[in-house]
Amino acid sequence: MKTTKKIFAAFMAVMMIALMIPFSASAASEYSANLTGKAGYTVSVYKVADLDTTTGKYTSTISSLQTELNKVEGADNKNVLKACDAAAVSSAVETKTFTDGDPTFNFTTDEAGVYYFKWTGTPAGVDSTIISNSVISLPYYKDGAWVKSYTGTISSKVNDSTPTVVKKIENSDIDDNSTTAAIGSDVTFTLTADTVGSRTEKAKKYVLTDTMSAGLTYKEVKEVKVDGTVVAPADYTVTPNGQTVEISFNDTYLNNADSAFYTADKVYVTYVTTLNKNALISADGALKANTNHVDLHYTNNMGVDSDITGNTVNVYTFELNVVKVDGNTKAPLAGATFKLTSDTDTTGTSLTTGNDGTVKFTGLKAGTYYVEETVAPSGYNINSKKFTITISTSGVVTGDGVNNSKLTVNDYPLTVPQTGGAGTIMFTIGGVALIACAGVLFFILMRKKATK
């Protein structure tokens, strides 16, 4: 009997241990997120995915989120947030309104998963559609282990309003968004963008990207300023790459709470491009733009990226066609050389007509030009007139001798005497006349002698 009791007691002990194992394994763990917010804002928390901490597998009913979480190389935070923003989330786990006296949110849960912190209330005058939400995994995996607690800031973006970025052309002959230029000349632009962040909510990235069409070549950044303060070249990086150039503030500059960036309202970047030989040429009033576009990319203190699209500006360049023709037959003439000058370019450019009788002066900015014929075709008189031509900012060519945006110059054949021609006859007639006159005089003199 005692033996049976011992066996039964031993059996019960084993069962108790066996029952305790799954109980211990499934015991709830507490996960927390200690978050700093912003007074006047309300955030609601939604569980958007479950997490199995044994396998590391996430499960979500949001298909786009599940697709991103399934990626072997790891989910992209930006895409995860986009999936949550686009989803019709409901049934908030908890809601918190921040105040000046209570600026923190101590969120706790015993359910491992992905939590979506969505701003559901804003102060008066703030558009909720411009506020960046947040996604946090509780726990999250780091350095080979699950971390149960997260501490961070979920303030409403790094600004309460959407930043803007605008490009304008300096010293334009049209307006801030358009200008004309000659090929080989420089065009200067100024980029103006809003700053983002604050000393307590510092931006992680701030990049201005300028994209140029093939007709423009980046030359140099002349100056970077925040409001009236010049930013040292060591605090930003310029990266040209083909038809784009990036101006990015360095991490040390953005991480410095005392940086002038966080007390300024605007960033100004002045830089120079050159209009090159690949530029599109506008002719006959048909404008073809060589474009230049700017964008702003920044990342807030929570690692959320934002892209702001700026405006596009246009640079135009023109051509002038000069046609050499026979003044009588209007047939085109080869071998005529024309020189094009202006008030600012007295040296000018010279071109010689081919068989079609035409030369094209290309890559000209709007303005007044002068055309002179310096060499006439063989057998023709040179046209000595100096033609004044005007190209408007819309590409229309006007001036004496211009028709359909082309300058036509007439030359006439030389009238040099030739053997057997009219010139010989005139000499012959003149000689006969002189001989006749001499004969008459001789006859008169002989009669006078005879009468004496």
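Residues numbered from 1 in each chain as written. Predicted model: local features only at pLDDT ≥ 70, side-chain atom pairs only at ≥ 80, totals over all residues. Heavy atoms only, no water.

Q: Describe the pairing of strand 15 (residues 216-226), listing the residues and the values that go with them.
A: Of the pairings in the sheet, the one linking strand 15 to strand 19 (residues 266-275) comprises nine bridges and is antiparallel in character. Of the residues in strand 19, the one forming a bridge with Val 221 is Tyr 271. Note that strand 15 and strand 16 (residues 229-230) share two bridges and pair antiparallel. For Lys 225, the partnering residue across the bridge sits in strand 16 and is Val 230. (Pairing = 2+ DSSP bridges. Helix = DSSP H or I, 4+ residues; strand = E, 2+ residues; numbered from the N terminus.)

Q: So, the sheet that holds strand 28 (residues 397-399): which residues are in play, and what are the values?
A: The strand order 24-23-26-27-28 describes an open sheet built from five strands, whose pairing is antiparallel. Edge positions in the sheet fall to strand 24 (349-352) and strand 28, since each of these pairs with one other strand and no more. Taken pair by pair, the neighbouring strands of this sheet meet at an average axis angle of 30 degrees, ignoring direction. (Axes fitted to C-alpha atoms, helices over the stretch in contact; angles between N-to-C directions.)

Q: Describe the packing of aromatic side chains, listing the residues and the values that go with them.
A: For the structure on display, the rule yields 17 aromatic pairs. Between Phe 249 and Tyr 253, the ring centres sit 5.3 Å apart and the planes meet at 25 degrees, which makes this aromatic pair stacked. With respect to burial, Phe 249 and Tyr 253 carry one shared label: buried. Counting every residue linked through ring pairs, the aromatic cluster contains Tyr 206, Phe 249, Tyr 253, Phe 261 and Tyr 262. The ring centre of Phe 189 lies 5.0 Å from the NZ or CZ of Lys 167, which sits over that ring. Over the aromatic face of Tyr 370 sits the side chain of Lys 386, whose NZ or CZ is 5.0 Å from the ring centroid. (Phe/Tyr/Trp six-rings, centres within 6.5 Å; stacked < 30°, edge-to-face > 60°. Buried < 20%, exposed > 50% of the residue type's maximum accessible area, 1.4 Å probe, protein only. Lys NZ or Arg CZ within 6 Å of the ring centre and 35° of its normal.)

Q: Before we move on, can you summarise unusual backbone geometry with the specific residues and values?
A: Note the cis peptide between Leu 138 and Pro 139, where omega equals -5 degrees. Mapped onto the secondary structure, Pro 139 falls in the loop between strand 7 (134-138) and strand 8 (140-142). A positive phi angle is found at Ser 91, which is not glycine, with a value near 60 degrees.

Q: Which residues make up the environment of Trp 146, and what values do they have?
A: Tracing the backbone through its elements, the reader meets Trp 146 in strand 9 (residues 145-147). By relative accessible area, Trp 146 is classed as partly exposed at 27%. With 93 residues separating them in the primary sequence, Trp 146 and Thr 53 have C-alpha atoms 7.8 Å apart. Every residue in contact with Trp 146, bar those within four places of it in the chain, is listed here: Leu 51, Thr 53, Gly 56, Tyr 58, Pro 139, Tyr 140 and Tyr 141. Within the structure, Trp 146 has its side chain in polar contact with the backbone oxygen of Thr 53 (distance 3.0 Å). (Contact = heavy atoms within 4.5 Å. Polar contact = N/O pair within 3.5 Å; in protein donor to acceptor, adjacent residues only side chain to side chain.)

Q: Explain helix 3 (residues 77-86) to me, using residue names and the numbers behind them.
A: For helix 3, the complete set of buried residues consists of Val 80, Leu 81, Ala 83 and Cys 84. End-on, the buried residues of helix 3 take up no more than an arc of 160 degrees, which puts them together on one face. (Arc of directions from axis to C-beta.)

Q: Could you give an account of the pattern of salt bridges, with specific residues and numbers?
A: Opposite charge on two side chains makes pairing possible when the charged atoms of those side chains draw close. Scanning the entire structure with this criterion turns up 10 salt bridges. Here Asp 50 and Lys 47 are joined by a salt bridge, their closest N and O atoms 2.7 Å apart. For Lys 47, a relative accessible area of 27% corresponds to the partly exposed category. The partner of Asp 186 in a salt bridge is Lys 219, with the nearest N and O atoms 2.7 Å apart. Placement of Asp 186 in strand 13 (residues 186-194) and of Lys 219 in strand 15 is noted, with a sequence separation of 33 residues between them. (Salt bridge = Lys/Arg side-chain N within 4 Å of Asp/Glu carboxyl O.)

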